[in-house]
Amino acid sequence: MKKLNLTMLYVEDEADTRERLSEVFKHKVQTLYVAKDGKEALELFKKHQINFIVSDFNMPNMNGIELCNAVKKINRHIFFTLLTAFDDFELLTNAIDAHVDKFLKKPVNAKKLFQTLDNIYEKIENEFQLERSTVCLQEAEKIANLAYWDVNLSKKEIHFSKEVYELFNLKEPLNHIELSKIIVDDYKDKFLDIFNTKIFTEENIDEIISICDKNSQLKYFKVTAKRWKSSICGKWHLIGIFQDITHFELQRLELLKESQSDPMLKISNKKRISSQLEDLIKSSKRYGHPIGVIFFDIDNFKGINDKYGHLAADCILVQLAQLIQKNIRQSDFFGRWGGDEFIIINSHTNPDAVITLTNKILEKIKEFNWEKNINLTISAGLSFYEAGDNVKSLIHRADLKMIDAKNSGKNRYVH
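Keep in mind the model is a prediction, meaning the values are calculated, not measured.

A short note on the pattern of salt bridges
For the structure shown, the criterion picks out 18 salt bridges. Salt-bridge contacts for D101 lead to K72; the nearest nitrogen and oxygen are separated by 3.0 Å. Note that D101 is positioned in the loop between α4 (89-97) and β5 (102-105) and K72 in helix α3 (residues 64-74), a separation of 29 residues in sequence. For D101, a relative accessible area of 38% puts it in the partly exposed group.

Brief notes about the packing of helix α11 (residues 301-308) against helix α12 (residues 310-326)
The N-to-C vectors of α11 and α12 enclose an angle of 135°; their axes lie 6 Å apart at closest approach. One way to sum up the angle between α11 and α12 is to call them oblique. In this structure, α11 contributes F301, I304, N305 and Y308 to the contact, and α12 contributes H310, A312, A313, I316 and L317. Classifying every residue of the contact of α11 with α12 gives seven nonpolar, two polar and no charged.

Observations concerning unusual backbone geometry
The phi angle at K156 is positive, at roughly 60°, despite the residue not being glycine. Inspection of the secondary structure puts K156 in the loop between β6 (146-152) and β7 (157-160). Relative accessible area serves as the criterion here: at 57%, K156 is assigned to the exposed category.

A few points about the packing of aromatic side chains
Each pair of aromatic rings is reported with the distance of its centres and the angle of its planes. A complete count under the given rule lists 14 aromatic pairs for this structure. Relative to F221, the ring of F168 lies with its centre 4.7 Å away and its plane at 80°, an arrangement referred to as edge-to-face. Placement of the pair is F168 in the loop between α6 (162-167) and α7 (176-179) and F221 in strand β9 (residues 218-229), with a sequence separation of 53 residues. Here F168 matches F221 in class, with each residue buried.

A few points about the pairing of strand β8 (residues 204-212)
Each regular strand carries side chains that alternate between the two faces of the sheet. Of the pairings in the sheet, the one linking β8 to β9 comprises nine bridges and is antiparallel in character. The partner of D206 across the bridge, within β9, is T224. Linkage of β8 to β9, two consecutive antiparallel strands, is achieved through a turn of five residues, within which S216 is found at a positive phi near 65°.

Remarks on the sheet that holds β7
One open sheet accounts for five strands, arranged β7-β6-β10-β9-β8; its pairing is antiparallel. With partners counted over all chains shown, the strands left at the sheet margins are β7 and β8, one partner each. Strand-to-strand twist of the sheet, defined as the mean angle between neighbouring strand axes without regard to direction, takes the value 20°. Relative to strand β10 (residues 236-244), β6 runs antiparallel, the two being bridged by seven bridges. Its bridge partner being in β10, N152 is matched across the sheet by H237. Along the sheet face, helix α8 (residues 185-201) touches β6, β7, β8, β9 and β10 and points at about 150° away from the line of β8. Together, β8, β9 and β10 form the strand contacts of helix α9 (residues 246-259), whose direction differs from that of β9 by roughly 115°.

Re the packing of helix α2 (residues 38-47) against α3
Axis separation between α2 and α3 bottoms out at 10 Å; the angle between their running directions is 15°. By the angle between their axes, α2 is roughly parallel relative to α3. Regarding α2 and α3, the two cross each other, and that crossing is right-handed. Residue-level contacts link G38, A41, L42, F45 and K46 of α2 to L67, A70, V71 and I74 of α3. Residue classes in the contact of α2 with α3 are distributed as seven nonpolar, one polar and one charged.

What to know about the side chain of N269
Tracing the sequence through the fold places N269 in the loop between α9 and α10 (270-287). Note on N269: relative accessible area 17%, which makes it buried. Within the local environment of N269, its side chain forms a polar contact with the backbone oxygen of S259, the two atoms lying 3.3 Å apart. Apart from residues no more than four positions distant in its own chain, N269 is found in contact with S259, Q260, S261, D262 and R336.

Conventions and cut-offs
- Residues numbered from 1 in each chain as written.
- Predicted model: local features only at pLDDT ≥ 70, side-chain atom pairs only at ≥ 80, totals over all residues.
- Heavy atoms only, no water.
- Salt bridge = Lys/Arg side-chain N within 4 Å of Asp/Glu carboxyl O.
- Helix = DSSP H or I, 4+ residues; strand = E, 2+ residues; numbered from the N terminus.
- Buried < 20%, exposed > 50% of the residue type's maximum accessible area, 1.4 Å probe, protein only.
- Axes fitted to C-alpha atoms, helices over the stretch in contact; angles between N-to-C directions.
- Parallel < 35°, antiparallel > 145°, perpendicular 65-115°, else oblique.
- Contact = heavy atoms within 4.5 Å.
- Nonpolar A, V, L, I, M, F, W, Y, C, P; charged D, E, K, R; others polar.
- Phe/Tyr/Trp six-rings, centres within 6.5 Å; stacked < 30°, edge-to-face > 60°.
- Pairing = 2+ DSSP bridges.
- Left-handed = near helix turned anticlockwise from the far one by under 90°.
- Polar contact = N/O pair within 3.5 Å; in protein donor to acceptor, adjacent residues only side chain to side chain.

Any functional reading would require information that these geometric values do not contain.
Set out below in structure tokens:
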């Protein structure tokens, strides 16, 4: 007979029965404690780590149902089997109220008793495995900064777990519309698109969003989700997680910034500015935001390079980059297209505002005290987003306008 790796408490007031069944139980379980009445059993239960209890019903001092009540108040998960010679309806009702898990009628059938013990062992093992999985999952969630959410696709109901609010440092439950208010503007449309559309139309979701925390620091979260079908109700659901990936995302963005910025001027390079313009065009196609492009280069820069040398020319490029950055909006994009060619991208603004900015830049360049007291000027071409435009066509038009500005005398702009 295989011993079960469990600790059992057996309670019986009748000496012969207690002795006989105790010998049987010793061969079946790893550890056995024996008590002659309910009070003694309760004391043993309080002192030792008991997995399950087999108890007679009719005992002095404290009967089996009273013992079950007392035990379940301490630990409601304990499996409790009641042995009784009675077949009374009131007794059964009271036993059910006391949360007795199993009944066995006396005299006990050995085969049935062993089968009951095996079933109890299997239930305890299953509950242990479930508990272990739950604990492991909870600890893994804490370590990985995870919080889950789920969707009933048939009812179109979204449920965020309490861990979501803890992860986002929120004090009260919010629906996804209210939750979107803490999402950074650049990610807000994506967030709403996930919870308004994608969760109902796509099998899997894998996105990144960002919020600004109470200390005004950006935090990044990975949003992933997968569909599953319930074997119980037969309906489709979606389970998703938010994961705090701020540390990794900031590292990735820093590396990306380094790979997409001009090392000398500390501004976007051609690759980065193209990507930024492409994103703005996608947004403009969807929401109608206007886009203006200012494309310019330095007049007679080769002559400056030849006359004053590379060091002076590089210093002028640095001064120019710093001057432009000081005179554009935080929402504008500015980068080096190549050599002495630069580009400014304005979004969410009208053509008149772009022209005003261009005039401002021409004036600032004229007033600035340049390296070697050089009289620096630029020629600029302006273009504005039109239906059907892409990055190449929008910049090409601005480039042609810049050539027109040079051919018409330099130190000016054409649009």
